[in-house]
Every structure is written in C-alpha cells, then in structure tokens.
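Residue-level structural notes
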Amino acid sequence: MRVWLVWTEQGEYEQHSRDLRGVFASEELAQEHATLLGGEVEEQDVLEEPPVKVTVYTWTDHIAADGSLS
C-alpha cells in the first residue's frame, strides 16, 4: 500500500527545517494540501513506525482546493 506525504521546508543553513505536514491515502488529497501549504508531495510505502513530532488535526469539514470549507 502506498501513502503520500506532504512536506514543507523553511529557513536556511542552521535554521533549516523540513517538516512533515500530513500522511494521506490519496495523491489527490495530498496535492491539494501541498498546494495550500506551499509544500511538496512524496510517495512512499506505508511507514513501519509513525513519524515523531507530527501534529494531528481532526477535521469535520471538507477543505476544497480553493481553501474554502464546505
């Protein structure tokens, strides 16, 4: 099984960080989130262990591609 990871990067040199923003079951959903966050998508096999320091959000609304909630 494949998953799609959304990453963002910020800072330079010593202050550089690459942060995992989400793990998604569909490439389409990952691309929409990456577009909203200005991030990139990476395809990967299911992770053996969950990543550390990942904020988990529970959404009750659907986020449309234009950023609006429905």
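Look above for the structure.
Considerations on the environment of Glu-42
Within the element layout of this structure, Glu-42 appears in strand β3 (residues 40-45). Here Glu-42 falls in the partly exposed class, since its relative accessible area comes to 27%. Between the alpha carbons of Glu-42 and Glu-27 there is a distance of 9.2 Å; along the sequence they are 15 residues apart. Those residues within four positions of Glu-42 in sequence are excluded, and the remaining contacts are Val-3, Trp-4, Leu-5, Trp-7 and Arg-18. In this structure the side chain of Glu-42 is engaged in a polar contact, spanning 3.3 Å, whose partner is the side chain of Arg-18. A distance of 3.4 Å separates the side chain of Glu-42 from the side chain of Gln-44, its partner in a polar contact.

Points about the nonpolar core
With 5 residues, the main nonpolar core is built from Trp-4, Val-6, Phe-24, Ala-30 and Ala-34. Counting residues per element, the ones that place at least two in this core are β1 (2-10) and α1 (27-37). With sequence-adjacent residues up to four places away left out, Ala-34 is seen in contact with Val-6, Gly-39, Glu-40 and Val-41.

Brief notes about the side chain of Thr-8
Mapped onto the fold, Thr-8 is located in strand β1. Only 3.0 Å separates the side chain of Thr-8 from the side chain of Arg-21, close enough to count as a polar contact. In contact with Thr-8, not counting residues within four places along its chain, are Ser-17, Arg-18, Asp-19, Arg-21, Leu-37 and Gly-39.

Each value, and the rule that gives it
- Residues numbered from 1 in each chain as written.
- Predicted model: local features only at pLDDT ≥ 70, side-chain atom pairs only at ≥ 80, totals over all residues.
- Heavy atoms only, no water.
- Helix = DSSP H or I, 4+ residues; strand = E, 2+ residues; numbered from the N terminus.
- Buried < 20%, exposed > 50% of the residue type's maximum accessible area, 1.4 Å probe, protein only.
- Contact = heavy atoms within 4.5 Å.
- Polar contact = N/O pair within 3.5 Å; in protein donor to acceptor, adjacent residues only side chain to side chain.
- Core = buried A, V, L, I, M, F, W, Y, C linked by side-chain atoms within 4.5 Å.

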